[in-house]
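One-letter residues, chain by chain:
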Amino acid sequence: MSAREPAPATASYEARPEDVGRVLLLYSGGLDTSVMLKWIQDAYGADIVALTVDLGQPGEDFQVVRDKALRLGAIDALVVDAKEEFARQYVLPAIKANALYGGGYPLFTALGRPLIAKLAVEKARETGCDTIAHGCTGKGNDQVRIEGTVTALDPAMKIIAPVRGWQMGREEEIAYAREHGIPIKGGTEVPPYSVDDNIWGRSSEGGPIEDLSEPPRRDVFELVTPPESAPDQPEEIELQFEEGCPVALNGERHGLVELIERVGAIAARNGVGIVDHIEDRIVGLKVRDIYEVPAAEVILTAHRDLEKLVSTIHQNNFKPALDRHWAYLVYAGLWYEPLMGDLNAFMDSVNRWVTGTVRMRLYKGNATVIARSAPHALYDPALAGFGESGGLFSQQSSPGFIELWSLQSRMAHQVRNRDSL
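Now for a look at the structure at hand.

**Points about a nonpolar patch on the surface**
Then step 1. Side chains of I282, V283, L285 and Y328 sit close together on the surface and give an oily, nonpolar patch of about 300 Å² of accessible area.
Then step 2. Looking at the element boundaries, L285 is found in the loop between β13 (274-280) and β14 (286-292).
Then step 3. For L285, a relative accessible area of 34% corresponds to the partly exposed category.

Now the structure itself:
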(Lines give C-alpha, C1' and ligand atoms only; values in the text may rest on other atoms or scores of the structure.)
Protein backbone atom coordinates (compact mmCIF):
# COMPACT_ATOMS: atom_id res chain seq x y z
CA MET A 1 0.00 0.00 0.00
CA SER A 2 1.32 3.44 -0.89
CA ALA A 3 1.67 6.02 1.86
CA ARG A 4 -0.52 8.25 -0.31
CA GLU A 5 -3.47 5.81 -0.37
CA PRO A 6 -6.10 5.15 2.32
CA ALA A 7 -5.54 1.98 4.31
CA PRO A 8 -8.10 -0.82 3.86
CA ALA A 9 -10.69 -1.03 6.61
CA THR A 10 -10.25 -3.81 9.17
CA ALA A 11 -13.01 -2.79 11.61
CA SER A 12 -16.66 -2.03 10.91
CA TYR A 13 -16.34 1.61 12.03
CA GLU A 14 -13.36 2.45 9.80
CA ALA A 15 -14.28 4.68 6.89
CA ARG A 16 -14.14 3.42 3.31
CA PRO A 17 -13.23 6.11 0.76
CA GLU A 18 -16.60 5.91 -0.98
CA ASP A 19 -18.45 6.57 2.31
CA VAL A 20 -16.55 9.73 3.28
CA GLY A 21 -18.15 13.08 2.57
CA ARG A 22 -17.11 15.50 5.28
CA VAL A 23 -14.46 14.83 7.93
CA LEU A 24 -14.01 16.34 11.38
CA LEU A 25 -10.26 16.32 12.05
CA LEU A 26 -8.90 16.49 15.59
CA TYR A 27 -6.29 19.13 14.85
CA SER A 28 -3.31 20.17 16.98
CA GLY A 29 -1.47 22.33 14.48
CA GLY A 30 1.60 20.08 14.56
CA LEU A 31 3.23 18.23 11.69
CA ASP A 32 1.14 15.04 11.84
CA THR A 33 -2.30 16.64 11.82
CA SER A 34 -1.27 19.36 9.36
CA VAL A 35 -0.10 16.73 6.88
CA MET A 36 -3.31 14.81 7.59
CA LEU A 37 -5.45 17.83 6.81
CA LYS A 38 -4.04 18.06 3.30
CA TRP A 39 -3.72 14.29 2.77
CA ILE A 40 -7.38 13.56 3.64
CA GLN A 41 -8.53 16.18 1.14
CA ASP A 42 -6.51 14.50 -1.59
CA ALA A 43 -7.05 10.84 -0.66
CA TYR A 44 -10.76 11.05 0.08
CA GLY A 45 -11.84 14.17 -1.79
CA ALA A 46 -13.43 15.28 1.45
CA ASP A 47 -14.19 18.60 3.07
CA ILE A 48 -12.41 19.07 6.41
CA VAL A 49 -13.67 20.70 9.60
CA ALA A 50 -10.78 21.10 12.06
CA LEU A 51 -11.43 20.82 15.80
CA THR A 52 -8.91 21.93 18.43
CA VAL A 53 -9.71 21.42 22.12
CA ASP A 54 -8.23 23.67 24.78
CA LEU A 55 -7.52 21.61 27.91
CA GLY A 56 -5.07 24.13 29.29
CA GLN A 57 -2.04 23.29 27.17
CA PRO A 58 0.54 25.85 28.38
CA GLY A 59 1.91 28.30 25.85
CA GLU A 60 -0.45 27.32 23.02
CA ASP A 61 -1.79 30.09 20.75
CA PHE A 62 -5.07 28.64 19.57
CA GLN A 63 -5.76 31.49 17.15
CA VAL A 64 -2.54 30.61 15.32
CA VAL A 65 -3.60 26.96 15.23
CA ARG A 66 -7.02 27.89 13.85
CA ASP A 67 -5.58 30.18 11.18
CA LYS A 68 -3.17 27.48 10.04
CA ALA A 69 -5.99 24.98 9.59
CA LEU A 70 -7.93 27.44 7.46
CA ARG A 71 -4.86 28.23 5.34
CA LEU A 72 -4.42 24.50 4.69
CA GLY A 73 -7.92 24.21 3.28
CA ALA A 74 -10.25 23.41 6.17
CA ILE A 75 -13.75 24.73 5.46
CA ASP A 76 -14.02 25.60 9.15
CA ALA A 77 -11.74 25.49 12.19
CA LEU A 78 -13.30 25.22 15.62
CA VAL A 79 -11.55 25.90 18.93
CA VAL A 80 -13.39 24.73 22.05
CA ASP A 81 -12.35 25.96 25.49
CA ALA A 82 -13.02 22.85 27.58
CA LYS A 83 -10.84 23.60 30.60
CA GLU A 84 -13.72 23.98 33.07
CA GLU A 85 -15.50 20.84 31.87
CA PHE A 86 -12.22 18.94 31.93
CA ALA A 87 -11.45 20.03 35.49
CA ARG A 88 -14.93 19.40 36.90
CA GLN A 89 -16.05 16.30 35.02
CA TYR A 90 -12.74 14.48 34.54
CA VAL A 91 -9.97 15.74 36.83
CA LEU A 92 -12.17 16.00 39.94
CA PRO A 93 -13.34 12.36 39.71
CA ALA A 94 -9.67 11.42 39.32
CA ILE A 95 -8.84 13.30 42.53
CA LYS A 96 -11.61 11.50 44.40
CA ALA A 97 -10.26 8.19 43.08
CA ASN A 98 -6.60 9.05 43.82
CA ALA A 99 -6.01 8.09 40.20
CA LEU A 100 -2.54 6.66 39.63
CA TYR A 101 -1.85 4.18 36.84
CA GLY A 102 0.57 1.37 37.54
CA GLY A 103 1.08 2.76 41.01
CA GLY A 104 3.28 5.41 39.48
CA TYR A 105 1.86 8.41 37.72
CA PRO A 106 -1.29 10.55 37.90
CA LEU A 107 -3.50 10.08 34.85
CA PHE A 108 -3.95 13.16 32.68
CA THR A 109 -3.72 12.33 28.96
CA ALA A 110 -6.12 9.42 29.52
CA LEU A 111 -8.54 11.81 31.24
CA GLY A 112 -8.53 14.24 28.32
CA ARG A 113 -9.15 11.76 25.53
CA PRO A 114 -12.78 10.82 26.32
CA LEU A 115 -13.67 14.51 26.55
CA ILE A 116 -11.95 15.27 23.25
CA ALA A 117 -13.75 12.33 21.62
CA LYS A 118 -17.10 13.42 23.08
CA LEU A 119 -16.63 16.94 21.73
CA ALA A 120 -15.60 15.48 18.36
CA VAL A 121 -18.86 13.57 18.13
CA GLU A 122 -20.87 16.64 19.12
CA LYS A 123 -19.13 18.95 16.64
CA ALA A 124 -19.22 16.34 13.87
CA ARG A 125 -22.99 16.15 14.22
CA GLU A 126 -23.34 19.94 14.35
CA THR A 127 -21.26 20.45 11.19
CA GLY A 128 -22.64 17.56 9.15
CA CYS A 129 -19.53 15.38 9.28
CA ASP A 130 -19.90 11.64 8.72
CA THR A 131 -16.30 10.78 9.69
CA ILE A 132 -13.86 11.69 12.48
CA ALA A 133 -10.10 11.65 11.88
CA HIS A 134 -7.34 11.60 14.49
CA GLY A 135 -3.55 11.50 14.49
CA CYS A 136 -2.92 8.55 16.82
CA THR A 137 -0.44 5.86 15.90
CA GLY A 138 -1.04 2.11 16.02
CA LYS A 139 1.36 1.69 18.95
CA GLY A 140 -0.33 4.00 21.43
CA ASN A 141 -3.21 4.02 23.87
CA ASP A 142 -4.95 7.11 22.50
CA GLN A 143 -6.33 5.28 19.47
CA VAL A 144 -8.16 2.97 21.88
CA ARG A 145 -9.48 5.84 23.99
CA ILE A 146 -10.69 7.99 21.11
CA GLU A 147 -12.14 5.29 18.88
CA GLY A 148 -13.76 3.42 21.78
CA THR A 149 -15.43 6.61 22.96
CA VAL A 150 -16.57 7.73 19.51
CA THR A 151 -18.12 4.38 18.67
CA ALA A 152 -19.81 4.20 22.08
CA LEU A 153 -21.41 7.63 21.66
CA ASP A 154 -22.25 7.32 17.94
CA PRO A 155 -22.05 3.81 16.43
CA ALA A 156 -22.80 5.22 12.98
CA MET A 157 -19.82 7.57 12.96
CA LYS A 158 -16.86 6.48 10.83
CA ILE A 159 -13.20 6.94 11.73
CA ILE A 160 -9.98 7.60 9.83
CA ALA A 161 -6.54 7.16 11.44
CA PRO A 162 -4.07 8.07 8.65
CA VAL A 163 -0.89 7.88 10.74
CA ARG A 164 -1.73 4.29 11.63
CA GLY A 165 -2.20 3.34 8.00
CA TRP A 166 0.14 5.38 5.87
CA GLN A 167 3.35 4.37 7.71
CA MET A 168 5.11 7.62 6.83
CA GLY A 169 8.18 8.35 8.92
CA ARG A 170 8.99 11.82 10.20
CA GLU A 171 11.26 12.64 7.25
CA GLU A 172 8.59 11.48 4.79
CA GLU A 173 6.04 13.71 6.52
CA ILE A 174 8.41 16.66 6.28
CA ALA A 175 8.95 15.96 2.58
CA TYR A 176 5.18 15.76 2.04
CA ALA A 177 4.70 19.01 3.93
CA ARG A 178 7.29 20.82 1.82
CA GLU A 179 5.81 19.40 -1.37
CA HIS A 180 2.38 20.77 -0.45
CA GLY A 181 3.41 24.07 1.10
CA ILE A 182 2.56 23.09 4.68
CA PRO A 183 4.41 25.34 7.17
CA ILE A 184 7.00 23.51 9.28
CA LYS A 185 8.03 24.98 12.62
CA GLY A 186 11.70 25.92 12.67
CA GLY A 187 12.16 24.52 9.18
CA THR A 188 12.61 20.90 10.31
CA GLU A 189 10.10 20.08 13.05
CA VAL A 190 12.02 17.08 14.32
CA PRO A 191 11.57 17.50 18.08
CA PRO A 192 13.54 15.17 20.37
CA TYR A 193 10.38 14.06 22.19
CA SER A 194 6.71 13.38 21.61
CA VAL A 195 4.82 15.60 24.04
CA ASP A 196 1.24 15.81 25.30
CA ASP A 197 -0.02 18.18 27.96
CA ASN A 198 -3.00 19.73 29.69
CA ILE A 199 -3.67 21.49 33.01
CA TRP A 200 -3.12 18.26 34.97
CA GLY A 201 0.24 17.23 33.54
CA ARG A 202 2.75 16.86 30.73
CA SER A 203 4.21 13.70 29.17
CA SER A 204 7.35 13.22 27.11
CA GLU A 205 8.34 10.04 25.30
CA GLY A 206 10.52 8.83 22.48
CA GLY A 207 14.00 9.92 21.45
CA PRO A 208 16.62 9.69 24.21
CA ILE A 209 13.95 8.58 26.73
CA GLU A 210 13.82 5.19 25.01
CA ASP A 211 17.31 4.38 26.32
CA LEU A 212 16.47 2.82 29.69
CA SER A 213 20.11 2.93 30.77
CA GLU A 214 20.20 6.73 30.63
CA PRO A 215 18.67 9.23 33.06
CA PRO A 216 16.32 11.82 31.53
CA ARG A 217 18.11 14.78 29.98
CA ARG A 218 17.46 18.24 31.35
CA ASP A 219 15.96 19.38 28.05
CA VAL A 220 12.93 17.13 28.65
CA PHE A 221 11.67 19.27 31.53
CA GLU A 222 9.42 22.16 30.53
CA LEU A 223 7.19 22.49 33.61
CA VAL A 224 9.14 21.34 36.65
CA THR A 225 12.43 22.73 37.89
CA PRO A 226 14.92 19.86 38.36
CA PRO A 227 15.01 19.20 42.13
CA GLU A 228 18.72 19.93 42.41
CA SER A 229 18.05 23.41 41.00
CA ALA A 230 15.01 24.10 43.16
CA PRO A 231 15.18 26.67 46.02
CA ASP A 232 17.26 25.74 49.05
CA GLN A 233 14.47 26.78 51.42
CA PRO A 234 11.24 24.75 51.72
CA GLU A 235 7.90 26.32 50.87
CA GLU A 236 4.74 25.51 52.81
CA ILE A 237 1.21 25.65 51.43
CA GLU A 238 -2.22 24.87 52.81
CA LEU A 239 -4.94 23.17 50.76
CA GLN A 240 -8.59 23.14 51.78
CA PHE A 241 -10.99 20.46 50.54
CA GLU A 242 -14.77 20.23 50.55
CA GLU A 243 -16.25 16.78 49.88
CA GLY A 244 -13.07 15.70 48.12
CA CYS A 245 -12.74 18.79 45.94
CA PRO A 246 -9.85 21.24 46.48
CA VAL A 247 -11.39 24.68 46.94
CA ALA A 248 -8.79 26.96 48.54
CA LEU A 249 -5.05 27.57 48.55
CA ASN A 250 -3.48 29.28 51.56
CA GLY A 251 -6.88 30.40 52.75
CA GLU A 252 -7.94 31.94 49.41
CA ARG A 253 -10.76 30.29 47.47
CA HIS A 254 -10.36 29.68 43.74
CA GLY A 255 -12.20 27.94 40.96
CA LEU A 256 -10.84 24.48 40.25
CA VAL A 257 -8.96 25.43 37.08
CA GLU A 258 -7.26 28.41 38.71
CA LEU A 259 -6.44 26.43 41.84
CA ILE A 260 -4.81 23.67 39.79
CA GLU A 261 -2.76 26.23 37.90
CA ARG A 262 -1.63 28.02 41.08
CA VAL A 263 -0.72 24.80 42.90
CA GLY A 264 1.11 23.58 39.82
CA ALA A 265 3.21 26.74 39.59
CA ILE A 266 4.26 26.53 43.26
CA ALA A 267 5.03 22.82 43.07
CA ALA A 268 6.94 23.14 39.80
CA ARG A 269 9.35 25.76 41.08
CA ASN A 270 10.10 23.47 44.04
CA GLY A 271 10.96 20.52 41.81
CA VAL A 272 7.82 18.56 42.70
CA GLY A 273 6.08 16.28 40.22
CA ILE A 274 8.71 14.51 38.09
CA VAL A 275 7.88 10.85 37.41
CA ASP A 276 10.19 8.53 35.45
CA HIS A 277 7.85 5.63 34.74
CA ILE A 278 7.94 2.22 33.07
CA GLU A 279 4.45 1.73 31.76
CA ASP A 280 2.35 -1.15 30.44
CA ARG A 281 0.32 0.03 27.48
CA ILE A 282 -3.03 -1.44 26.55
CA VAL A 283 -1.66 -2.61 23.20
CA GLY A 284 0.90 -4.82 24.94
CA LEU A 285 4.01 -2.66 24.79
CA LYS A 286 6.13 -1.77 27.79
CA VAL A 287 7.45 1.77 27.43
CA ARG A 288 9.20 4.51 29.35
CA ASP A 289 7.64 7.94 29.83
CA ILE A 290 8.72 11.06 31.68
CA TYR A 291 5.85 12.85 33.35
CA GLU A 292 5.68 16.33 34.85
CA VAL A 293 2.69 16.46 37.17
CA PRO A 294 3.30 19.19 39.77
CA ALA A 295 -0.31 20.05 40.63
CA ALA A 296 -1.42 16.42 40.59
CA GLU A 297 1.43 15.30 42.83
CA VAL A 298 0.54 17.85 45.51
CA ILE A 299 -3.25 17.65 45.33
CA LEU A 300 -3.44 13.85 45.21
CA THR A 301 -0.99 13.52 48.11
CA ALA A 302 -3.05 15.92 50.20
CA HIS A 303 -6.33 14.26 49.24
CA ARG A 304 -5.12 10.75 50.12
CA ASP A 305 -3.94 11.97 53.51
CA LEU A 306 -7.22 13.69 54.32
CA GLU A 307 -9.27 10.76 53.05
CA LYS A 308 -7.31 8.41 55.28
CA LEU A 309 -8.00 10.64 58.30
CA VAL A 310 -11.79 10.62 57.90
CA SER A 311 -12.27 7.01 56.75
CA THR A 312 -12.45 3.85 58.81
CA ILE A 313 -9.80 1.15 58.70
CA HIS A 314 -12.12 -0.96 56.54
CA GLN A 315 -12.66 1.86 54.02
CA ASN A 316 -8.92 2.57 53.94
CA ASN A 317 -8.16 -1.11 53.28
CA PHE A 318 -10.84 -1.49 50.62
CA LYS A 319 -10.82 1.74 48.60
CA PRO A 320 -7.24 1.56 47.19
CA ALA A 321 -8.18 -1.55 45.20
CA LEU A 322 -11.10 0.34 43.65
CA ASP A 323 -8.87 3.36 43.06
CA ARG A 324 -6.50 1.16 41.07
CA HIS A 325 -9.33 -0.33 39.04
CA TRP A 326 -10.78 3.12 38.36
CA ALA A 327 -7.40 4.24 37.04
CA TYR A 328 -7.06 1.11 34.92
CA LEU A 329 -10.46 1.62 33.27
CA VAL A 330 -9.63 5.23 32.44
CA TYR A 331 -6.18 4.34 31.14
CA ALA A 332 -7.73 1.59 29.01
CA GLY A 333 -10.17 4.01 27.36
CA LEU A 334 -13.27 2.60 29.04
CA TRP A 335 -14.76 5.87 30.29
CA TYR A 336 -18.26 4.72 29.29
CA GLU A 337 -17.94 1.23 30.78
CA PRO A 338 -20.92 0.85 33.21
CA LEU A 339 -18.53 -0.14 35.99
CA MET A 340 -17.13 3.41 35.84
CA GLY A 341 -20.51 4.73 36.93
CA ASP A 342 -20.64 2.24 39.78
CA LEU A 343 -17.14 3.15 40.93
CA ASN A 344 -17.85 6.88 40.69
CA ALA A 345 -20.89 6.45 42.93
CA PHE A 346 -18.67 4.79 45.53
CA MET A 347 -16.01 7.50 45.20
CA ASP A 348 -18.62 10.23 45.69
CA SER A 349 -20.01 8.44 48.74
CA VAL A 350 -16.64 8.15 50.46
CA ASN A 351 -15.72 11.72 49.59
CA ARG A 352 -18.80 13.18 51.27
CA TRP A 353 -16.67 13.28 54.41
CA VAL A 354 -13.38 14.39 52.85
CA THR A 355 -13.56 17.98 54.05
CA GLY A 356 -10.71 19.70 55.82
CA THR A 357 -7.31 21.33 55.51
CA VAL A 358 -3.90 19.86 54.74
CA ARG A 359 -0.61 21.69 55.19
CA MET A 360 2.29 20.57 53.03
CA ARG A 361 5.99 21.27 52.79
CA LEU A 362 7.48 21.38 49.29
CA TYR A 363 11.22 20.98 49.08
CA LYS A 364 13.51 19.90 46.25
CA GLY A 365 11.14 17.41 44.64
CA ASN A 366 9.32 16.26 47.78
CA ALA A 367 5.75 17.09 48.77
CA THR A 368 5.24 16.13 52.41
CA VAL A 369 2.11 16.45 54.53
CA ILE A 370 3.07 18.10 57.83
CA ALA A 371 -0.34 18.92 59.37
CA ARG A 372 -4.01 18.23 58.80
CA SER A 373 -7.42 18.94 60.31
CA ALA A 374 -10.92 17.79 59.46
CA PRO A 375 -14.36 18.17 61.08
CA HIS A 376 -15.12 14.50 60.38
CA ALA A 377 -11.71 13.16 61.48
CA LEU A 378 -11.82 9.78 63.18
CA TYR A 379 -9.09 10.91 65.51
CA ASP A 380 -9.53 11.82 69.17
CA PRO A 381 -6.37 12.91 70.99
CA ALA A 382 -7.99 12.02 74.31
CA LEU A 383 -8.35 8.41 73.12
CA ALA A 384 -5.18 8.10 71.03
CA GLY A 385 -2.82 9.84 73.45
CA PHE A 386 -0.51 8.03 75.85
CA GLY A 387 -1.88 9.82 78.88
CA GLU A 388 -4.45 8.23 81.22
CA SER A 389 -7.58 7.39 79.23
CA GLY A 390 -10.91 5.85 79.94
CA GLY A 391 -14.46 6.36 78.72
CA LEU A 392 -14.79 4.96 75.21
CA PHE A 393 -11.45 3.19 75.45
CA SER A 394 -10.89 0.82 78.34
CA GLN A 395 -7.34 -0.49 78.56
CA GLN A 396 -8.56 -3.18 80.96
CA SER A 397 -10.62 -4.69 78.13
CA SER A 398 -7.56 -5.31 75.95
CA PRO A 399 -6.60 -8.79 77.28
CA GLY A 400 -10.06 -10.18 76.52
CA PHE A 401 -9.99 -8.61 73.07
CA ILE A 402 -6.54 -10.11 72.37
CA GLU A 403 -7.68 -13.57 73.43
CA LEU A 404 -10.66 -13.54 71.06
CA TRP A 405 -8.91 -11.70 68.22
CA SER A 406 -6.06 -14.22 68.05
CA LEU A 407 -8.17 -17.31 68.78
CA GLN A 408 -8.35 -18.85 65.29
CA SER A 409 -4.75 -18.03 64.45
CA ARG A 410 -3.51 -19.60 67.68
CA MET A 411 -5.66 -22.70 67.18
CA ALA A 412 -4.45 -23.15 63.60
CA HIS A 413 -0.83 -22.87 64.66
CA GLN A 414 -1.31 -25.41 67.43
CA VAL A 415 -3.24 -27.91 65.29
CA ARG A 416 -0.68 -27.76 62.45
CA ASN A 417 2.31 -27.98 64.73
CA ARG A 418 1.18 -30.59 67.30
CA ASP A 419 4.34 -32.64 66.96
CA SER A 420 6.64 -29.75 67.75
CA LEU A 421 4.66 -28.27 70.65
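**A short note on the side chain of T301**
Then step 1. With respect to the helices and strands, T301 occurs in helix α9 (residues 294-310).
Then step 2. Judged by its relative accessible area of 15%, T301 falls in the buried class.

**Re the pattern of salt bridges**
Then step 1. Across all of its chains, the model carries 29 salt bridges by this definition.
Then step 2. One salt bridge in this structure joins D54 and K83, with 3.0 Å as the shortest N-O distance. Of the two residues, D54 sits in strand β2 (residues 47-54) while K83 sits in helix α3 (residues 83-96), which places them 29 residues apart along the sequence.
Then step 3. Residue D54 is classed as buried on the basis of its relative accessible area, which comes to 10%.
Then step 4. In this structure, R372 and D305 form a salt bridge, with 2.9 Å as the shortest nitrogen-oxygen distance. Within this pair, whereas R372 is found in strand β16 (residues 366-373), its partner D305 is found in helix α9, the two being separated by 67 residues in sequence.
Then step 5. One continuous salt-bridge network, built from bridges that share partners, spans R113, D142, R145 and D196.

**A look at the packing of helix α8 (residues 256-269) against α9**
Then step 1. Running from amino to carboxyl end, α8 crosses α9 at an angle of 100°, the nearest separation of the two axes being 7 Å. As far as their axial angle goes, α9 and α8 are roughly perpendicular. Every residue of α9 that contacts α8 at L259, I260, V263, G264, A267 and A268 is listed here: P294, A295, V298 and I299.
Then step 2. Partitioning the contact of α8 with α9 into residue classes produces nine nonpolar, one polar and no charged.

**Considerations on the pairing of β13**
Then step 1. Every second residue of β13 is oriented toward a common face, the buried set being V275, H277 and E279 and the non-buried set I274, D276, I278 and D280.
Then step 2. Of the pairings in the sheet, the one linking β13 to β14 comprises seven bridges and is antiparallel in character. Across the sheet, the residue bridging to E279 is V287, located in β14.
Then step 3. The antiparallel hairpin formed by β13 and β14 contains five residues in its connecting segment, where G284 sits at a positive phi of about 105°.

**Thoughts on the layout of surface pockets**
Then step 1. Size it by volume and the second largest pocket reaches roughly 250 Å³.
Then step 2. Of all the elements in the fold, those that place two or more residues in the lining of the second largest pocket are α9 and α10 (313-331).
Then step 3. Among the elements that make up the lining of the second largest pocket, the one with the highest residue count is α10 (six residues).
Then step 4. In the lining of the second largest pocket, the residues fall into two nonpolar, four polar and six charged.

**With respect to the pairing of strand β15 (residues 356-363)**
Then step 1. Note: strand β10 (residues 235-242) against β15, seven bridges, orientation antiparallel. The residue of β15 that forms the bridge with E236 is R361.
Then step 2. Both β15 and β16 contribute to a ladder of seven bridges, which runs antiparallel. The residue bridging Y363 from the neighbouring strand is N366, located in β16.
Then step 3. The turn linking β15 back onto β16 is made up of two residues, and K364 within it adopts a positive phi angle of 45°.

**Looking at the side chain of S204**
Then step 1. Residue placement: S204 occurs in strand β9 (residues 201-205).
Then step 2. In this structure the side chain of S204 is engaged in a polar contact, spanning 3.1 Å, whose partner is the side chain of R202.
Then step 3. Once residues within four sequence positions are removed from consideration, S204 is found in contact with Y193, S194, V195, I209, V220, D289 and I290.

**Things to note about helix α4 (residues 109-126)**
Then step 1. Under the 1.5 Å per step criterion, the end-to-end length of α4 is 26 Å for 18 residues, consistent within 8% with the ideal 26 Å.
Then step 2. Burial analysis of α4 places 15 of its 18 residues in the buried class, which makes it a mostly covered element.
Then step 3. Where α4 terminates, the next one or two residues include G128, which has phi positive at roughly 75°.

**Regarding the nonpolar core**
For soluble globular proteins, the rule of thumb is that nonpolar side chains tend to be buried together.
Then step 1. If you look at the biggest cluster of nonpolar residues, it comprises 84 residues, and the most contacted ones within it are L107, L111, W200, V298 and W326.
Then step 2. For V298, the residues in contact, after removing those within four places along its chain, are I237, L239, V263, A267, V272, M360, L362 and A367.
Then step 3. In terms of nonpolar packing, the next biggest core, distinct from the first, is built from 29 residues, Y27, W39, A77 and I160 among them.

**Some thoughts on the environment of K123**
Then step 1. Here K123 lies in helix α4.
Then step 2. On a C-alpha basis, the gap between K123 and A50 in space is 9.8 Å, while along the polypeptide they are 73 residues apart.

**Here we look at helix α11 (residues 338-351)**
Along an α-helix, residues three or four apart share an orientation, since each turn contains 3.6 residues.
Then step 1. For α11, which comprises 14 residues, the first-to-last C-alpha distance of 20 Å matches the rise-based estimate of 20 Å (1.5 Å per residue) to within 8%.
Then step 2. All of the buried residues along α11 are M340, L343, M347, V350 and N351. End-on, the buried residues of α11 take up no more than an arc of 90°, which puts them together on one face. Exposed positions of α11 whose direction lies more than 90 degrees from the buried face are P338 and D342.
Then step 3. Residues of α11 that are buried make contact with α3, α9 and α10.

Reading guide: rules and limits
- Residue positions within a chain follow its written sequence, with the count starting from 1.
- A pLDDT threshold of at least 70 governs which residues receive local features in this predicted model, and a stricter bar of 80 or more applies before side-chain atom pairs are shown or counted, although totals over entire chains, interfaces and linings include all residues.
- In computing side-chain properties, one takes all heavy atoms of the structure into account and sets aside hydrogens as well as water.
- The patch calculation keeps residues exceeding 30% relative accessible area without a salt bridge and links them within 9 Å when they carry like charges or within 5 Å when they are nonpolar (Val, Leu, Ile, Met, Phe, Trp, Tyr).
- What sets the accessible areas is the Shrake-Rupley method with a 1.4 Å probe; for residues, cover comes only from the shown protein chains.
- Whenever Lys or Arg places a side-chain nitrogen within 4 Å of a carboxyl oxygen from Asp or Glu, that contact is recorded as a salt bridge.
- Strands here are runs of E lasting at least two residues and helices are runs of H or I lasting at least four, both read from the DSSP assignment and numbered beginning at the N terminus.
- The buried label applies to any residue whose accessible area, calculated with a 1.4 Å probe on protein chains only, is under 20% of its type's maximum; exposed applies above 50%, and partly exposed to all values in between.
- The convention used is that axes are lines fitted to C-alpha atoms, helices contributing only their stretch in contact, and that angles between N-to-C directions extend from 0 to 180 degrees.
- Note that the term roughly parallel is reserved for angles under 35 degrees, roughly antiparallel for angles over 145, roughly perpendicular for angles of 65 to 115, and oblique for everything else.
- Here, two residues are considered to be in contact whenever any of their heavy atoms come within 4.5 Å of each other.
- Any residue that is not Ala, Val, Leu, Ile, Met, Phe, Trp, Tyr, Cys, Pro, Asp, Glu, Lys or Arg is counted as polar, Gly included; the first ten are nonpolar and the last four charged.
- Pairing between two strands requires that DSSP report at least two bridges joining them.
- Definitions used for this entry: grid spacing 1 Å over protein atoms alone; cavity, a set of points where a 1.4 Å probe fits but cannot get out; pocket, an open set with protein on both sides within 12 Å along at least 5 of 7 lines; lining residue, one with an atom within 4 Å of a point.
- Grid points are joined across faces, edges and corners, and a volume is the space filled by probe spheres set on the points.
- What qualifies as a polar contact is a pair of N or O atoms within 3.5 Å, subject to a donor-acceptor requirement within protein and to the restriction that residues adjacent in sequence count only when both atoms come from side chains.
- To estimate the expected span of a helix, subtract one from its residue number and multiply by 1.5 Å.
- The nonpolar core is taken to be a set of buried Ala, Val, Leu, Ile, Met, Phe, Trp, Tyr and Cys residues, with the residues joined through side-chain atoms within 4.5 Å.
- Regarding the arc, it is the one traced by the directions from the helix axis to the C-beta atoms.

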